[in-house]
Each structure stands twice: as structure tokens, then as C-alpha cells.
Amino acid sequence: MSTILSIDGLRKTFSQGFIPRRKEILKGISFAVSEGEIFGYLGPNGSGKTTTIKCVLGLIFPDAGRIELCGRPHLDPRSKEKVGFLPENPYFYDYLTAREFLDFYGQLFRLAPDVRRERIPALLKLVDMERAADLSLRKFSRGMLQRIGLAQALINEPSLVVLDEPLGGLDPIGRKEIRDIILRLRSEGKTVVLSSHILQDIEMICDRVAILVDGRILSQGRLTDLVSEKILFTEIVLSGVGDRELAALGEPLSAQAGRTLLKVYDEARIQAVLDLVRDRKGNVHSLLPRTQTLEDLFVGMVRPR
Amino acid sequence: MTVKVIAVNTFKEAVRDRILYLLLFFAAAAILLSRVLAMFTVGDRTKIIKDVGLASISIFGALMAILIGTGLVYKEIEKRTIFTLISKPIRRSEFLLGKYFGLVLTLAVMLASMGLIFLALILIQTGALEGRLLLAILFIFFELVLLTAVAILFSCFSTPILSSLFSLGFYVIGHFSWSLETLVKKARPGLGKTLLRLLTAVLPDLENFNIRTEVVHGLPLPASLLLYSAAYGIVYAAFVLTVAVLIFRRRDFI
Ligand SMILES: Nc1ncnc2c1ncn2[C@@H]1O[C@H](COP(=O)(O)OP(=O)(O)OP(=O)(O)O)[C@@H](O)[C@H]1O
Ligand SMILES: [Mg+2]
């Protein structure tokens, strides 16, 4: 599969405050997105997701690093012919109606009038905004803006769609609808890059993710590889063995009705626990390996060490 | 093509600005007031009306250019509407020129409106129209073409209020730069004189666009002078826009 977006050694520094102090936001970021995948760009608030995306779209200029979009340097206007972008908290000309708005963006892509006439109603239908077609954007709610913003990002039938927090400000049904649209885009062969800090959404739809913490990518790869890499611990519920003896093998957590919940981190010790229980003539009630979720992985990385 | 799309949209945006109509209202009031003013003066009343009317058109046109021009680009960045625009396959220069020509178009329409009121008043007063009045308005337009470029330049890197002050300063100094030249002649040689000379070289002479006295008093207007003034305005505006594009091209939109 060929690469549609590649970022190599991206660095960006902002000067902040009244007496400018330089603060490095992106500290050398590299990743590549292949054609046809949904790529999740994950990171806590303030980690630099939006900053990265702004560099890619040419809104800000990196201090160092190379970015290639659709096989061209990203500052070449032609590289953006087949790119769609939805910014975080989108704002648009609020004096335009939804239809005029999409038409304006269609014109910026030099789409012929008949192409626009055909595409705009289809997009309005896709994002379920037909009833608001002739309403001015001033009267749109945040969720509605998000939807029309998504429609705007698709006006040129892009091969790469970059969405910054596309599910922000949406209700659960809205989130599902947008997720469905994103999955549909992939089935049409488009590539989607989306940033989020909401793990559930990413876990549900992304093929690959990169995890950004404090301006560095701490981990990236296929979601299935990342989260199934480790079994975090095994939870064993048992009875008939004293806490003191168990403490040597794991972490006894709670004791209720004579049953102890033991967290065993070391896989090799599971057998030792079972042997101990048999020795003491106790019982094992359940044994549950807890595999890692994206959330565990994420929280583990983000937590200051 | 892209420039045109953005210009048309900018025009749509600018004509929704209430400030524009407030200024248009005051301009109309000033033009009509010249008729009242003329009644209290002795001498050629028509000349007074022409003089005050044209001056009103010039001043209110300049205010429109400054007050709207300084907000146009700034607002796009502030409201973040520029994000989706710049992410499209358009050049930043195209965006800026689109904004510029959109405002120039707006000002042309506004000048036409003020001109219409003015010419109607003259027609009522004298029963005849003079082509040279249109020429005077055309040169006001040339001045606005330049002033708009300056306003857009400032708005590329500073807030509307500061930009307005800068542009207003540019306008005022531009109309008095001829007195600066007299100052240069009188100044003693030295650093001060060199600085003054540099200033007169950089600052425009906006009086070039003021042919109102000649028009009102029926003085001759050589074609060469007119051509020179028009070319001066266009070249100067192109220069200012180039600087604006150079600044705008390297800007981070954060
Ligand atoms: N204009 C700016 N000037 C200085 N610092 C900035 C500027 N914009 C962002 N930052 C800083 O850059 C860092 C990264 O910001 P960014 O918006 O990229 O985060 P993010 O990952 O998108 O966060 P979120 O999930 O909240 O959207 C933050 O620490 C922020 O304070
Ligand atoms: Mg963000």
C-alpha cells in the first residue's frame, strides 16, 4: 500500500507570553499514513495534535521536518487538490446558508457548476443536514456546524480526509452517524486521519494509531498489535489462603465473604498461586486475564513517570 | 479565478457591514449639507457645493476603505474562518488579493452611490452635468485603491484598531507630504535632512489624486498629469500589496 501522508522529523516551537518564551510543542514527530486506512492520532489535551495537523495543512510553518501530502511537498498547492480538512471547533462564514457555503468551497476547488449542483445535495444528505440547507450558518448549533464542516471537507471528493476532533460536540447518535460516515469513506477507498482524545471512538474505527504525548510520539502501530501486546495482569478470586502469604505473589485487593481478589502481574506466578491454593486446600473461584485496553495503554503513557 | 471567487465572497461580506451604511448615510448628509452651506455664502454657490461634495466623497470613501479594510483579514484569522480556506489548493497571495479586490469592488459601488447623490444635487442646482466631475470621482477612486492596499497591509500583522490608526496616519501624512518637501528644502544639511528626504521618498503624495480644485474652478488638467497620477496610484498600490503578500506568506495562523 502506498503512503499518502508522511511526516518526518517535524518540529515546531511557539513563542508565548508578553516576554516571549520559546516553548517546543512538537519535538520531532514522524509517522506515515497509508492509502485506504483510518489513522487515529491520539493524545491528551495540549499534546500537539492540532499543531501537527496545522503544519500538515500549511496553516503554520514547521521549524524543521518534512511533510509529504499525496506525493508532493505539502506547501505545493497542488498537494491539496485531493485533501479535505475539518478543523477543530470549526468556524465558517456565518452569513452564508449551508448551500451557499458548500457552493463557495466547491468554487475554490474550481468545480464546474453542474458538478456542484449534483454534489451539494448529496453531501447535505450524507451529513443529514438537508432540512437546514437554506438556513444561515449563524443559526447552526455546534453539532450542526460539525456536520456541515464534514460536508465541506468532502466537497472535492478527497482521497485524504483530515479531521481534527470530528466527534467533538456531538450527541451519542451524532457520534455514531459520523463514525458510520468515516467507515463509509474507508469503504470508498479514501484515507482518513482523525485526531481525538476519546479512546472509545478511536478504538472502534481506527486501523492504526499514533499516540502523541507532550510533543513526542510514544507509540504507533496497528491497534490490534498495540493493545494485545501485553496482558496487564491476571485477576484471581480465591478463598482459603491468608493475605500475608498471597502478598508475596501478587497484590491482594479486596476481601469479601471470605473471598480475596488477587492481582497477579507476573504471568509466571500464576502457577505458584494455584499451587499455593491447592496446598492450603483453598478454592479458586475465577481466573481472569485482563488484557490491555487502549485506555490502559494511554493512561500508562500519559501519567507522569 | 480563485481570486475572483474570494473577491465576490468578500464583497458579499463587506456589504453586510453596518459601518458601511452608517458612513454612506453621513456622506449623503454631508453632500446635502453643502447645499445648505452654499445658501449662507456669497459668491459662486455651485462651486461651494462641488467643493464640499467632492471633499465629502473623498473623506468618507477613505473612512470606508480604512475601517473595513483593516478588519477584513484580521477577522478571518481571529474567527478562524481562514483555516478551511488556506487548507484548500489556493495560494495565500490569491487569498489576500481576493480580499483586496473584493473590498475595491465594494468601494467602487459605494463611490458610485455617493457620486449619484452628488451628481443629482448638481443637476438640480445647475440643470447640467459636467464630465470633469466624474473625472474627480475617478481619481478619488484611485486614491482609495491605494489606501485599501495600505489598510490590508497593516491588517496582515496588527489589530483593526492599530491598523486603522496607522492607515489614518498614512492618509493624513499623505495629504501633507508636500509640506514635508518644503521642510526638506529648508532643513540644514545633515542626518535630519537625509531622514526627512528618505521619508518623503517612501511616503506617498496623496495630493496627486486631488484634482478637485482644478475641476471645481475650471482650471486646465493636462492629460500627462492625469496619466502620471493614475499610474502612480496603481504602481504604489501594487508595491504595497507585494509587501503585504510577503508578510502574509510567512505568517502562522494559530
Ligand atoms: N498560539 C499558540 N501560542 C503558544 N502556544 C500554543 C499556541 N497554540 C497552542 N499552543 C500550545 O501548544 C500545545 C499543543 O496545542 P494543540 O492545540 O496542538 O493541542 P491538542 O493536542 O490539539 O489538544 P486538544 O486535545 O485540547 O485539542 C499546548 O500546550 C498549547 O498551550
Ligand atoms: Mg486540538
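We now turn to the structure provided with this report. (Residues numbered from 1 in each chain as written. Chains lettered and ligands numbered in written order. Predicted model: local features only at pLDDT ≥ 70, side-chain atom pairs only at ≥ 80, totals over all residues. Heavy atoms only, no water.)

Description of the packing of aromatic side chains
In step 1: Under the counting rule described, the total for this entry stands at 21 aromatic pairs over all chains.
In step 2: Seen from their ring centres, A:Y93 and A:Y95 are 5.6 Å apart, and the 35° between their planes marks the pair as tilted. Taken as a pair, A:Y93 and A:Y95 share a single burial class, namely buried.
In step 3: Taken together, the aromatic side chains of A:F92, A:Y93, A:Y95, A:F101, A:F104 and A:Y105 make up a single cluster linked through ring pairs.
In step 4: Cation over ring: A:K263 sits above A:F233, and NZ or CZ is 4.4 Å from the ring centre.
In step 5: Note that B:R250 overlies the ring of A:F61, its terminal NZ or CZ placed 4.2 Å from the centroid. (Phe/Tyr/Trp six-rings, centres within 6.5 Å; stacked < 30°, edge-to-face > 60°. Buried < 20%, exposed > 50% of the residue type's maximum accessible area, 1.4 Å probe, protein only. Lys NZ or Arg CZ within 6 Å of the ring centre and 35° of its normal.)

Quick notes on the interface of chain A and chain B
In step 1: If you look at the interface, chain A gives 27 residues, while chain B gives 28 residues.
In step 2: The interface formed by chain A and chain B includes one salt bridge.
In step 3: Of the charged contacts, one joins A:K12 and B:D252 as a salt bridge, the two residues approaching to 2.6 Å between their closest N and O atoms.
In step 4: Across the contact surface, chain A and chain B share 14 residue pairs in polar contact (both at pLDDT 80 or more).
In step 5: Every element with two or more residues in the side of chain A that touches chain B is listed here: β1 (3-16) and α2 (98-108) of chain A.
In step 6: In terms of residues, the side of chain A that touches chain B owes the most to one element, α2(A), which gives four residues.
In step 7: Looking at the side of chain A that touches chain B, its residues break down into 17 nonpolar, four polar and six charged. (Contact = heavy atoms within 4.5 Å. Salt bridge = Lys/Arg side-chain N within 4 Å of Asp/Glu carboxyl O. Polar contact = N/O pair within 3.5 Å; in protein donor to acceptor, adjacent residues only side chain to side chain. Helix = DSSP H or I, 4+ residues; strand = E, 2+ residues; numbered from the N terminus. Nonpolar A, V, L, I, M, F, W, Y, C, P; charged D, E, K, R; others polar.)

A few points about the coordination of the magnesium ion (ligand 2)
Residues and elements named next belong to chain A.
In step 1: Around the magnesium ion (ligand 2), the protein supplies T50 (OG1) and E88 (OE) as donor atoms, at distances of 1.9 to 2.4 Å. Taken as a pair, T50 in helix α1 (residues 49-56) and E88 in the loop between β6 (83-86) and α2 lie far apart in primary sequence, 38 residues in all.
In step 2: Residue classification places E88 among the partly exposed residues on the basis of a relative accessible area of 28%. (Donors = N, O, S within 2.8 Å, 3.2 Å for Na, K, Ca; no water.)

Structural notes on the pattern of salt bridges
Residue and element names in this part refer to chain A.
In step 1: Scanning the model with the defined rule gives 20 salt bridges over all chains in all.
In step 2: With a shortest N-O distance of 4.0 Å, D76 and R72 are connected by a salt bridge.
In step 3: Judged by its relative accessible area of 32%, R72 falls in the partly exposed class.

A word on helix α5 (residues 172-187) of chain A
Think of an α-helix as turning once every 3.6 residues; residues three or four places apart then point the same way.
Residue and element names in this part refer to chain A.
In step 1: The end-to-end C-alpha distance of α5 is 23 Å, a good match for the 22 Å that 16 residues give at a rise of 1.5 Å each.
In step 2: Along α5, the residues classified as buried are G174, R175, I178, R179, I181, I182 and L185. The arc that holds the buried residues of α5, viewed along the axis, is 155°, so those residues lie on one side. α5 presents P172, I173 and S187 as exposed residues on the side facing more than 90 degrees away from its buried surface.
In step 3: In the core, the buried residues of α5 are packed alongside β3 (38-42), α3 (113-126), α4 (142-153), β7 (160-164), β8 (191-196) and α6 (199-205).
In step 4: Downstream of α5 by one or two residues, G189 has phi in the positive range, about 90°. (Expected span 1.5 Å × (residues − 1). Arc of directions from axis to C-beta.)

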